[in-house]
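Fold and contact review
So you can see what is in the structure, the chains are spelled out below.
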Amino acid sequence: MAGQISGVGQGLERRSVVSSFIFHLPTSLSDQPLVALFKRSDKVSTYKNHIAPISGTISRNDKDALTAAWRELSEETGINPSSATFWRTGKPFSFVDESINREWTIYPFAFQLKGTAVGSRRDSAVELDWEHEGWEWYNPTDVLIGNGLQGKGKEVPHLRESLRRVWPEGELNSKAGKALRRGLEKLQNDHESGSHELTSVALGVFRDVVKHMPDGMGGAKWWEDLQMIAWHIVKNGRESMGAATLNALLAILEEMEEIWRLETGRIDSDAGWKLERMLTIIDHHLKSRMSRAGLVKDMFAAYVRDHFLPDGKPRDKLTILTLSASSTIRDSIIEAFASLEIATLELRVLESRPLFEGVSISSSILSKFKTQCKEPSKHLNITIYTDAAAAIAANDVDMVLLGADRISISKGVSNKTGSLPAVLCAKHVSPKVKIVVLSELEKVNGNNGVIDDAKHEDNDPAELIRPWQNEGVKGLRAIEEGFHSTVRVEKSNHSIEVRNVYFEWIPLDMVDGFVSGEGVLNHWSINEKAKQQDELAKRYFGSISLRY
């Protein structure tokens, strides 16, 4: 990482490794979490008898760093997805250990023990291999401040740096740390809000943490803590929906930096005044988000008027297919229909498994229509289809209307799984269809590496399995047995997976119009936004230095 490696000499061996921390997290925020640390045996090749997390080299066969982390956990401790869940990603960093002539790039991760693996039986989930001679639970905050490992042995280089990058709460005061943990959990568990709403939630989390950080405001550590907090909100909230959050937080950091850099020692620039100014900046951004949502609705109505009522004559019927559970989509549809001379809106909605958001948005649209549109000449017809019936639902539609969780120059538009089949079916059975995406520029993602466009959000398979159980699907027992044996990483000549992938990509060239509050976006505006994000991300997240 730029700016983090010093003393790099010739002939260094370069190695990328994962550094995985296992946490026990009590349900109450008032109780102290624990982190497992291991004593390496004298049989390992480097750092013999040192205290360390579970570490290992990322091999060419690993799909990504997280795959390597799971593999190392399974090999060295027996822990796998049946006994633990992936919890957090830490910001990678690099350093040189001149004593062994090696440059390390560290990818920190945190995992959480689950179910019966915690509490009085939490130790039973760990089965050590030959690489370790023992392990203990520690208070992670004590480890960070240097009190936790006294008398336990020498720690591997930058152990505390790796821990800090998955547990930044340890360097915050109690209120700020609890606000961050509570906020990240809120974002991780929010599977109902659209990207626009989730970004407002994320900014609220950021504000809640900042208001509890009045001390040390003029120092470099305070500012770097703030950047790390913002990085975690993007990366460990809902990364798949985080492009808008990333852009919003970068814009806020740019404004907050001006306040932070004001000279100290002046009456009008003390810590209390600076904190109030910074909170005001966040409040302003939150308020402006509400007004931008109204602009999107107006622009969508203008788009419909220009493309489907070009001569100004009334239209008997407009047929729209959607599957996006978004308040922006809902409001845009209803307000465009109410304001334009369209007699009948034929709305076709895919049910959108596994959470059936299509059913929810259909109910919401119907309720809003009944409240806002009293004209007897207006008729709303809603038909809900199974996801598998996308081609049937797309027959003779005028428009496929989608939201966007992020827009990538290379990948396209990321939206709810099922969007690409709907688009492909519509283009095949209704060649004149318009594929329209409602999206703000803030959802554009650049190439700065903060949000990984190649990463898919795999969610709990139980969301898919539960309806099968409720319906008593024939043969389910064999599927469940095969699935659980696969999860336990048992040796077998067969396996079965249940994948619950939430998002997929629609290529940019399949989209006819990106409608935003700024008007209809084009490739130039998307590229410019990506460049701006890359510059700011490098400025605020690329400069986070090693502390330990």
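Reading the values: rules and limits
- Residues numbered from 1 in each chain as written.
- Predicted model: local features only at pLDDT ≥ 70, side-chain atom pairs only at ≥ 80, totals over all residues.
- Heavy atoms only, no water.
- Buried < 20%, exposed > 50% of the residue type's maximum accessible area, 1.4 Å probe, protein only.
- Helix = DSSP H or I, 4+ residues; strand = E, 2+ residues; numbered from the N terminus.
- Pairing = 2+ DSSP bridges.
- Axes fitted to C-alpha atoms, helices over the stretch in contact; angles between N-to-C directions.
- Parallel < 35°, antiparallel > 145°, perpendicular 65-115°, else oblique.
- Left-handed = near helix turned anticlockwise from the far one by under 90°.
- Contact = heavy atoms within 4.5 Å.
- Nonpolar A, V, L, I, M, F, W, Y, C, P; charged D, E, K, R; others polar.
- Expected span 1.5 Å × (residues − 1).
- Polar contact = N/O pair within 3.5 Å; in protein donor to acceptor, adjacent residues only side chain to side chain.
- Phe/Tyr/Trp six-rings, centres within 6.5 Å; stacked < 30°, edge-to-face > 60°.
- Lys NZ or Arg CZ within 6 Å of the ring centre and 35° of its normal.
- Core = buried A, V, L, I, M, F, W, Y, C linked by side-chain atoms within 4.5 Å.
- pLDDT = per-residue confidence, 0-100.

This paragraph deals with the pairing of strand 2 (residues 34-40). Across the seven residues of strand 2, six count as buried, placing the element largely inside the fold. Across three bridges, the pairing between strand 1 (residues 13-24) and strand 2 is antiparallel. Considered in strand 2, the bridge of His24 is made with Leu34. Across six bridges, the pairing between strand 2 and strand 8 (residues 132-138) is antiparallel. Bridge pairing links Lys39 to Gly134 in strand 8. Note that strand 2 and strand 3 (residues 51-52) share two bridges and pair antiparallel. Counterpart to Lys39 in the pairing with strand 3 is Ile51.

Here we take up the packing of helix 7 (residues 243-260) against helix 8 (residues 271-308). For any two helices packed against each other, one specifies the inter-axial angle together with the distance between the axes. Close contact between helix 7 and helix 8 brings their axes to 10 Å; oriented N to C, the two are set at 155°. Comparing their axes, helix 8 and helix 7 come out roughly antiparallel. The chirality of how helix 7 crosses helix 8 is right-handed. Across the interface between the two elements, Ala248, Ala251, Ile252, Glu255, Met256, Ile259 and Trp260 of helix 7 pack against Trp273, Lys274, Arg277, Met278, Ile281, Ile282, His285 and Arg289 of helix 8. Classifying every residue of the contact of helix 7 with helix 8 gives 10 nonpolar, one polar and four charged.

Next up on the list: helix 1 (residues 65-77). Under the 1.5 Å per step criterion, the end-to-end length of helix 1 is 18 Å for 13 residues, consistent within 8% with the ideal 18 Å. Close packing links the buried residues of helix 1 with strand 1, strand 2, strand 4 (54-57), strand 5 (84-89), strand 7 (102-113) and strand 8. Its side-chain oxygen at 3.3 Å from the backbone nitrogen of Leu66, Asp64 defines the N-terminal cap of helix 1. The first or second residue beyond helix 1 is Gly78, which carries a positive phi of 80°.

Counting through the fold element by element, Asn139 comes out in the loop between strand 8 and helix 2 (140-145). A relative accessible area of 22% places Asn139 in the partly exposed class. In contact with Asn139, other than residues within four places in its own chain, are Gln32, Pro33 and Leu34.

To continue, consider helix 6 (residues 220-235). Taking 1.5 Å of rise per residue, 16 residues should cover 22 Å, and helix 6 covers 23 Å from first to last C-alpha, within 8% of that figure. The buried fraction of helix 6 amounts to 14 of the 16 residues, a majority that puts the element mostly inside the structure.

Bringing the packing of aromatic side chains into the picture now. Applying the stated criterion across every chain, the model contains 14 aromatic pairs. Site record: aromatic cluster; members linked through ring pairs are Trp70, Phe86, Phe109 and Phe111. Directly above the aromatic system of Trp87 lies the positively charged group of Arg88, at a separation of 4.1 Å from the ring centroid. Against the face of Tyr502 rests Lys416, its NZ or CZ located 5.9 Å from the ring centre.

In terms of nonpolar packing, the biggest core is built from 47 residues, with Phe206, Leu226, Ile233, Met256 and Phe541 touching the most fellow members. Only helix 4 (174-188), helix 5 (195-210), helix 6, helix 7, helix 8 and helix 15 (523-541) provide two or more residues apiece to this core. Ignoring sequence-local partners within four residues, the contact set of Ile233 consists of Leu180, Leu184, Leu187, Ala202, Val205, Phe206, Thr245 and Leu249.

To continue, consider the confidence of the model for the protein. Mean pLDDT over the protein stands at 88; residues scoring 70 or higher make up 93%. Low pLDDT, under 50, characterises residues 1-8; the predicted model gives this stretch 22 contacts beyond four residues in sequence or across chains. This stretch, residues 116-121, has a pLDDT under 50; its non-local contacts, to residues over four places away or in other chains, come to eight contacts.

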